[in-house]
Amino acid sequence: MKFEDLLLEIGGFGRFQILILFILCLPRINLPMHFLLHNFLAATPSHHCAIPHQEAFVNLTVEEVLLISIPREPDGTFRSCEMFSQPQLQLLLNSSLQPENDSIIQPCQHGWVYDHSQFTSTISTQWDLVCEQRGLNQATATFFFIGVTMGAVVFGYLSDRFGRKAMLLLSLVCSVVFGMLSAASVSYSMLAITRTLTGVALSGVSLIVLPLGMEWVDIQHRTLTGILTSIFWSVGNMLLAMVAYLVREWHWLLVAVTGPCLLSIVCLWWVPESARWLIANGKVKQAHRHLLRCARMNGRKDLAEDMPLIMYAQRIVLQWEYKKPGESYSYISLFRTPVLRKISLCSGAVWFGVAFSYYGMSMNLTGFGLNMYLSQLVFGIIEIPAKMIMYVLVNRVGRRQSQAWALILTGLCIGANVIIPKPFTSLRSVVAIMGKGFSEAAFTTVFLYTSELYPTVLRQNGMGYTSFVARLGGALAPLVFLLDEVWRSLPEVTYCGVAVCCGSVAFLLPETLNVRLPEGIEDIE
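Here the structure is a predicted model, which means the values were calculated and not measured.

Quick look at the nonpolar core
Nonpolar side chains in soluble globular proteins generally cluster together in the buried interior. Among the nonpolar cores identified, the biggest contains 115 residues, and Phe 35, Leu 168, Tyr 359 and Phe 443 are the most heavily contacted of them. Counting the residues that make up this core, at least three belong to each of domain 1 (1–35 + 125–324) and domain 3 (336–524). Setting aside residues up to four positions removed in sequence, Tyr 359 forms contacts with Phe 35, Leu 36, Phe 145, Trp 233, Phe 443, Arg 471, Gly 474 and Ala 477. One finds Leu 66, Met 83, Cys 108 and Tyr 114 within the second-largest nonpolar core, a separate group that totals 13 residues.

As structure tokens, then:
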């Protein structure tokens with residue numbers, strides 16, 4: 001007897017599953033509020049060099065003081081990172097004649113003055129992470145995703161070794177601790193370290209929530225479960241826009257997005273451990289208790305007497321047919337057999353492309369002609385219809401085709417905005433929003449698809465490995481913005497190329513539509 005048959009007997013999608021999914025969606029809402037927090041935490045407002053001895057120009061207006069102290073760009077705006085070594089008083093007579101002698105222009109010597117009309121403070125204004133230090137500002141997001149990358153490896157192994165629920169609880173507790181320490185940071189180094197550790201902790205939440213819910217649901221409702229869980233990521237996206245709009249000071253913004261983890265910790269009390277994992281690891285009594293509770297909540301009390309016999313049969317199947325005595329599994333097991341090796345290599349490439357393009361678009365809120373808060377909100381809203389469309393497509397067209405084309409179209413939309421001229425802001429915004437929809441569709445599908453590709457005995461290891469590769473993409477995505485110093489369009493061209501290439505790799509993966517979740521490696525091979 002397969003576990004799927006047992007699940008159908010006790011109710012594969014009843015009140016029990018709905019309660020679990022609702023509770024697991026609470027931490028899911030919280031994830032994008034941290035993963036995309038860099039947009040607001042490290043936002044760089046307009047700024048210019050601080051001008052010394054301004055009291056000497058009491059008869060001049062602020063605009064005139066800037067005119068004689070700060071060089072201008074060709075478009076007439078004041079430069080952010082340079083100043084005149086001496087006041088250029090002749091510019092008061094004719095401001096259009098900018099000095100041609102570059103020797104009188106120097107980098108900022110006395111710090112910067114920031115426009116605080118939009119942000120009370122960000123880490124950029126706190127530690128002057130602008131101009132020559134701009135790389136450190138972008139690196140803050142990279143440090144966070146490096147932490148997420150490390151956490152994917154750690155929690156992928158630990159959740160297969162010690163259980164889904166225990167590791168989810170640990171990751172939530174650590175998220176609260178390190179999130180609050182980040183808010184209390186007194187130096188850039190402290191912030192970098194605590195944000196990295198926050199990334200490690202949140203990686204466990206990201207990695208465990210979907211498989212834990214999926215392992216309690218039958219085949220027919222598996223896709224619906226993946227889409228519904230994913231919708232709450234979009235809800236978190238929209239909530240981030242609202243929270244960031246209301247909280248303009250970076251310390252309190254970190255507190256505001258970390259606090260909801262406490263509610264998730266409390267609610268996790270009502271979530272049971274995965275019965276699949278318990279049976280596969282010989283913990284039959286605990287699995288029996290949870291399955292009995294599932295049957296009762298789903299109105300199948302008549303199965304209570306037959307449950308021990310069913311459990312014994314299931315234990316024989318999982319422990320002896322699929323898991324040979326004394327055999328253990330690790331990340332190396334993902335590459336030992338031919339078919340599993342191909343799945344691991346191809347799914348890793350797809351995950352990298354999905355994350356790289358998604359975060360490349362999500363962290364460029366000001367590049368499409370919209371207000372950054374409005375961009376964040378619209379990007380969150382467009383994800384919901386994208387998920388609804390994917391729900392239909394993955395069940396009609398299949399997982400493989402949906403995954404491949406969603407990622408390829410993401411890349412083509414990013415590439416289109418390289419060609420569309422900057423003055424066409426409305427058209428650029430529409431194309432960007434379409435690209436964001438395709439990007440989210442690709443992300444939604446890859447979570448569902450990957451959880452169906454790997455067998456139960458290796459599912460969390462597989463999710464851990466692919467999440468590790470994805471977070472490498474997420475860590476590199478913000479650094480690619482620095483390539484605009486080489487060529488202004490190079491970041492977009494890079495995102496486009498990677499998305500199209502990785503999307504094409506998805507065609508090499510097997511289709512999983514209406515296929516039972518594999519329990520052991522033999523099912524895959």
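Considerations on a nonpolar patch on the surface
Side chains of Leu 169, Val 173, Val 177 and Leu 181 sit close together on the surface and give an oily, nonpolar patch of about 290 Å² of accessible area. Following the sequence through the fold, Leu 169 ends up in helix α7 (residues 164–183). For Leu 169, a relative accessible area of 37% translates into the label partly exposed.

Structural notes on the domain arrangement of the chain
On domain assignment, one finds that the chain holds domain 1 (1–35 + 125–324), domain 2 (47–114) and domain 3 (336–524). When each unit is reduced to the centre of its C-alpha atoms, the spacing between domain 1 and domain 3 is 21 Å. In this complex, domain 1 contributes 51 residues to the contact, which on the side of domain 3 involves 51 residues. A buried area of about 4,600 Å², summed over both sides, lies between domain 1 and domain 3, and 64% of it is on carbon and sulfur atoms. Its salt-bridge partner being Arg 134, residue Asp 484 comes within 3.3 Å of it at the nearest N-O pair. Inspection of the region where domain 1 meets domain 3 yields 13 residue pairs in polar contact (both at pLDDT 80 or more). Secondary structure elements with two or more residues in the side of domain 1 that touches domain 3: α1 (3–10), α2 (15–35), α6 (134–162), α8 (188–214), α9 (222–246) and α14 (307–322). If one sorts the elements of the side of domain 1 that touches domain 3 by residue count, α6 sits on top with 16 residues.

Points about the state of the cysteines
Counted according to the given criterion, the structure contains two disulfides. Paired by a disulfide, Cys 81 and Cys 131 hold their sulfur atoms 2.0 Å apart. The sign of the S-S torsion, about -95°, decides the handedness of the disulfide formed by Cys 81 and Cys 131: left-handed. Within this pair, whereas Cys 81 is found in the loop between α4 (62–69) and β2 (82–84), its partner Cys 131 is found in the loop between α5 (123–127) and α6, the two being separated by 50 residues in sequence. Since its relative accessible area comes to 29%, Cys 81 is described here as partly exposed. Look at Cys 131 and you get buried, because its relative accessible area is 17%. Looking at the chain, its bonded cysteines, counted consecutively from the start of the sequence, adopt the pairing 1-3, 2-4. In this structure Cys 25 is a free cysteine whose sulfur lies 12 Å from that of Cys 267, the closest cysteine sulfur available. Lacking any disulfide linkage, Cys 261 is separated from the closest cysteine sulfur, that of Cys 174, by 11 Å.

Cut-offs applied
- Residues numbered from 1 in each chain as written.
- Predicted model: local features only at pLDDT ≥ 70, side-chain atom pairs only at ≥ 80, totals over all residues.
- Heavy atoms only, no water.
- Core = buried A, V, L, I, M, F, W, Y, C linked by side-chain atoms within 4.5 Å.
- Buried < 20%, exposed > 50% of the residue type's maximum accessible area, 1.4 Å probe, protein only.
- Domains from an automatic or database assignment.
- Contact = heavy atoms within 4.5 Å.
- Patch = residues over 30% accessible without salt bridge, like charges linked within 9 Å, V, L, I, M, F, W, Y side chains within 5 Å.
- Areas by Shrake-Rupley, 256 points an atom, 1.4 Å probe, with all protein chains shown as cover.
- Salt bridge = Lys/Arg side-chain N within 4 Å of Asp/Glu carboxyl O.
- Helix = DSSP H or I, 4+ residues; strand = E, 2+ residues; numbered from the N terminus.
- Buried area = accessible area lost by both parts, 1.4 Å probe.
- Polar contact = N/O pair within 3.5 Å; in protein donor to acceptor, adjacent residues only side chain to side chain.
- Disulfide = S-S within 2.5 Å.

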